[in-house]
Amino acid sequence: MFEKLEIMQMAQAMARQAALRQNVVAQNIANADTPGYRARDVASFAETYRSDLSTPMKTTRPGHLGGANDYTVAAVETSGSDATSPDGNGVSLEDEMVKSVDVKRQHDLALTIYKSSLDILRSSLGKA
């Protein structure tokens, strides 16, 4: 019942996107010494979540017409940086460390949204 609330779906989608991005960052770091490897990244959550919600109608019940409310995680895309090492590797460990911190912040935000929403629901039900 509560997983159908849009705020819960958004928090879950944000956490999934953070997990995907952390996986991509870890792959970039693991391939930092691989010749010819190009750093990859994931589109930001704001861009992908807005584009996913561009449909004019949303379903609130299974019988409604309009489309699914599920958020699809963004595809991995290559990073736009042109700086490469002499062996053609495009991974900057400093950039990947900054991305990793940003991913942790995004995941913590998703958990905070989820926890706050649950607290509000519990309060409204009188079970605080």
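Just so it is clear, the model here is predicted, and its values are computed rather than measured.

**Quick word on the overall build of the protein**
When helices and strands are counted, the protein shows 3 helices and 2 strands. Counting only residues that meet the buried cut, the protein has 27% of its 128 residues in that class. When contacts within the protein are restricted to residue pairs at least 6 apart in sequence, those whose partners lie at least 24 apart make up 75%. Put simply, the protein shows about 8,500 Å² of open surface, and 59% of that area lies on carbon and sulfur atoms.

**A few points about the packing of helix H1 (residues 6-30) against helix H3 (residues 93-125)**
The N-to-C vectors of H1 and H3 enclose an angle of 160 degrees; their axes lie 9 Å apart at closest approach. Classed by the angle they form, the pair H1 and H3 counts as roughly antiparallel. For the pair H1 and H3, the crossing hand works out as left-handed.

**Looking at the nonpolar core**
Here is a general trend for soluble globular proteins: nonpolar side chains tend to be buried in one another's company. Grouped together as the largest cluster of nonpolar side chains are 8 residues: Ala-11, Ala-13, Met-14, Ala-15, Phe-45, Tyr-49, Ala-110 and Ile-113. Looking at this core, the elements with two or more residues in it are H1, helix H2 (45-52) and H3. Per-element tally for this core: the top contributor is H1, with 4 residues.

**A look at the pattern of salt bridges**
Counted by the stated rule, this structure contains 8 salt bridges. Salt-bridge contacts for Arg-21 lead to Asp-102; the nearest nitrogen and oxygen are separated by 2.8 Å. With a gap of 81 residues between them, Arg-21 in helix H1 and Asp-102 in helix H3 connect regions that are remote in the sequence. The exposure class assigned to Arg-21 is buried, which follows from its relative accessible area of 12%.

**A short note on the side chain of Asn-28**
Mapped onto the elements, Asn-28 comes out in helix H1. Discounting chain neighbours no more than four positions away, the residues touching Asn-28 are Tyr-37, Arg-38, Ala-39, Arg-40, Val-91 and Glu-96.

**Remarks on the confidence of the model for the protein**
Model confidence for the protein is summarised by a mean pLDDT of 81, while 71% of its residues fall at 70 or above. Per-element confidence in the protein is highest for H3, whose mean pLDDT is 94, and lowest for strand S2 (residues 76-78), whose mean pLDDT is 66.

**Observations regarding H3**
With 33 residues, H3 ought to run about 48 Å at 1.5 Å a step, and its terminal C-alpha atoms sit 48 Å apart, in line with that. Buried residues of H3: Glu-96, Lys-99, Val-103, Gln-106, Ala-110, Ile-113, Ser-117 and Leu-121, and no others. Of the residues one or two after H3, Gly-126 is the one with positive phi, at around 80 degrees.

**Side note on the environment of Ser-85**
With respect to the secondary-structure elements, Ser-85 resides in the loop between S2 and H3. According to the relative accessible area criterion, Ser-85 is partly exposed, its value standing at 31%. It is 9.7 Å that separates the C-alpha atoms of Ser-85 and Asp-33, two residues lying 52 residues apart in sequence.

Conventions we followed
Residues numbered from 1 in each chain as written. Predicted model: local features only at pLDDT ≥ 70, side-chain atom pairs only at ≥ 80, totals over all residues. Heavy atoms only, no water. Helix = DSSP H or I, 4+ residues; strand = E, 2+ residues; numbered from the N terminus. Buried < 20%, exposed > 50% of the residue type's maximum accessible area, 1.4 Å probe, protein only. Contact = heavy atoms within 4.5 Å. Areas by Shrake-Rupley, 256 points an atom, 1.4 Å probe, with all protein chains shown as cover. Axes fitted to C-alpha atoms, helices over the stretch in contact; angles between N-to-C directions. Parallel < 35°, antiparallel > 145°, perpendicular 65-115°, else oblique. Left-handed = near helix turned anticlockwise from the far one by under 90°. Core = buried A, V, L, I, M, F, W, Y, C linked by side-chain atoms within 4.5 Å. Salt bridge = Lys/Arg side-chain N within 4 Å of Asp/Glu carboxyl O. pLDDT = per-residue confidence, 0-100. Expected span 1.5 Å × (residues − 1).

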